[in-house]
Amino acid sequence: AQSVTQLGSHVSVSEGALVLLRCNYSSSVPPYLFWYVQYPNQGLQLLLKYTSAATLVKGINGFEAEFKKSETSFHLTKPSAHMSDAAEYFCAVTKGNTGNQFYFGTGTSLTVIP
Amino acid sequence: EADIYQTPRYLVIGTGKKITLECSQTMGHDKMYWYQQDPGMELHLIHYSYGVNSTEKGDLSSESTVSRIRTEHFPLTLESARPSHTSQYLCASSGFGGPFEQFFGPGTRLTVL
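Residues numbered from 1 in each chain as written. Chains lettered and ligands numbered in written order. Predicted model: local features only at pLDDT ≥ 70, side-chain atom pairs only at ≥ 80, totals over all residues. Heavy atoms only, no water.

Draft legend 1. Layout of the overall build of chain A. Of the regular secondary structure elements, chain A holds 0 helices and 12 strands. A globule of 114 residues ought to have a C-alpha radius of gyration of about 13 Å, and chain A, at 14 Å, matches this closely. Projected onto the principal axes, the alpha-carbon positions of chain A cover approximately 45 × 30 × 20 Å. (Helix = DSSP H or I, 4+ residues; strand = E, 2+ residues; numbered from the N terminus. Rg over C-alpha atoms; globule rule 2.2 N^0.38 Å.)

Draft legend 2. How the structure looks around the packing of aromatic side chains. Residues and elements named next belong to chain A. The full count for this structure, using the stated rule, is 15 aromatic pairs over all chains. With centroids separated by 6.5 Å and ring planes inclined at 65°, the aromatic side chains of Y36 and F102 adopt a geometry described as edge-to-face. Here Y36, found in strand β5 (residues 32-38), pairs with F102, found in the loop between β10 (87-94) and β11 (103-104); they are 66 residues apart in sequence, far enough to count as distant. Residue Y36 is classed as buried on the basis of its relative accessible area, which comes to 0%. (Phe/Tyr/Trp six-rings, centres within 6.5 Å; stacked < 30°, edge-to-face > 60°. Buried < 20%, exposed > 50% of the residue type's maximum accessible area, 1.4 Å probe, protein only.)

Draft legend 3. Local environment of the interface of chain B and chain A. Between chain B and chain A, the contact holds 26 residues from the first and 23 residues from the second. When chain B packs against chain A, the two sides together hide about 1,900 Å² of surface, and 51% of this comes from carbon and sulfur. For the interface between chain B and chain A, the tally reads 1 salt bridge. Across the pair K49 of chain A and E101 of chain B runs a salt bridge, and its minimum N-O distance is 2.7 Å. Here chain B and chain A share 4 residue pairs in polar contact (both at pLDDT 80 or more) between them. Elements that contribute at least two residues to the side of chain B that touches chain A include exactly β4 (31-37), β5 (44-51) and β9 (87-94) of chain B. Per element, the largest residue contribution to the side of chain B that touches chain A is 4 residues, and it comes from β4 of chain B. (Contact = heavy atoms within 4.5 Å. Buried area = accessible area lost by both parts, 1.4 Å probe. Salt bridge = Lys/Arg side-chain N within 4 Å of Asp/Glu carboxyl O. Polar contact = N/O pair within 3.5 Å; in protein donor to acceptor, adjacent residues only side chain to side chain.)

Draft legend 4. Molecular detail of the side chain of K31 of chain B. One can find K31 of chain B in strand β4. At a separation of 3.3 Å, a polar atom in the side chain of K31 of chain B contacts the main-chain carbonyl oxygen of G95 of chain B.

Draft legend 5. Broad picture of the state of the cysteines. Residues and elements named next belong to chain A. Taken as a whole, this structure holds 2 disulfides over all chains when the rule is applied. Through a disulfide, C23 is tied to C91; the S-S separation comes to 2.0 Å. Between C23 and C91 the sulfur-sulfur dihedral comes to about -65°; the bridge is accordingly left-handed. On the criterion of sequence distance, the pair formed by C23 in the loop between β3 (19-21) and β4 (24-26) and C91 in strand β10 is long-range, its members being 68 residues apart. Here C23 and C91 have matching classes, each one buried. (Disulfide = S-S within 2.5 Å.)

Draft legend 6. The pairing of strand β9 (residues 73-78) of chain A, seen in detail. Residue and element names in this part refer to chain A. β9 sits mainly inside the fold: 5 of its 6 residues count as buried. Sheet topology note: the strand β8 (residues 64-68)/β9 ladder contains 5 bridges and is antiparallel. Directly across from A65, in β9, lies its bridge partner L76. Counting the residues that bridge the hairpin from β8 to β9 gives 4 residues, and of these T72 lies at a positive phi of roughly 45°. (Pairing = 2+ DSSP bridges.)

Draft legend 7. Region of the structure containing the side chain of S94 of chain B. In this structure, S94 of chain B sits in strand β9. Looking at S94 of chain B, its side chain comes within polar contact range of the side chain of Y33 of chain B, at 3.0 Å.

Draft legend 8. Molecular detail of unusual backbone geometry. With an omega of -10°, the peptide bond running from T7 of chain B to P8 of chain B counts as cis. Assignment of secondary structure puts P8 of chain B in the loop between β1 (4-7) and β2 (10-13). You will see that N61 of chain A, though not glycine, has its phi angle at about 60°, which is positive. Even without being glycine, N53 of chain B reaches a positive phi, approximately 65°. Considering the arrangement of structural elements, one finds N53 of chain B in the loop between β5 and β6 (54-57). N53 of chain B gets classed as exposed once you look at its relative accessible area, which sits at 70%.

So this is what it looks like as structure tokens:
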């Protein structure tokens, strides 16, 4: 079975501070991992993805994530938070099989304090 | 411009009404999905389709039904809406092969009174 666990349903950071959103996965096969962002009243937008190439993945808006197989983690980071980063963030895993079914975490709500 | 569209964006309706949530994509994708999203919960897959005339139920049991008569169109229907159907419904699509990312529509927020 596949699943993802996002530690911390709410994270608050000051503007300019480091953003760290945690995601741990369980998968019986090498996974493909994704981070999505959701702004209020909108759908999900892809931030970045890991598909077994480089373990450090860079995404849009200055975000990056590192795949650590030994820790089964795929944490999302950004060196300096901006007010516009306030949103809901979802980690997702898929085996990349024919159906391409995704399994999502419960999400982390990021608040940026001015 | 390639995109994925959902209508309506917001819907408030009374119990017992039949409703259809529309989803269309101009991305040329063969796979399409419907998710149900509630606050503080993960997205739950309720239906998916690999192509025309192909539909499957997802992990979350749902009283809704779907159809895929055209590649670009994947409507979701509730024959008799109930308050328990109140939720946000997200449509997504992805390309052939994998693991292509899923692209999401803006969602439909449904409230059943």
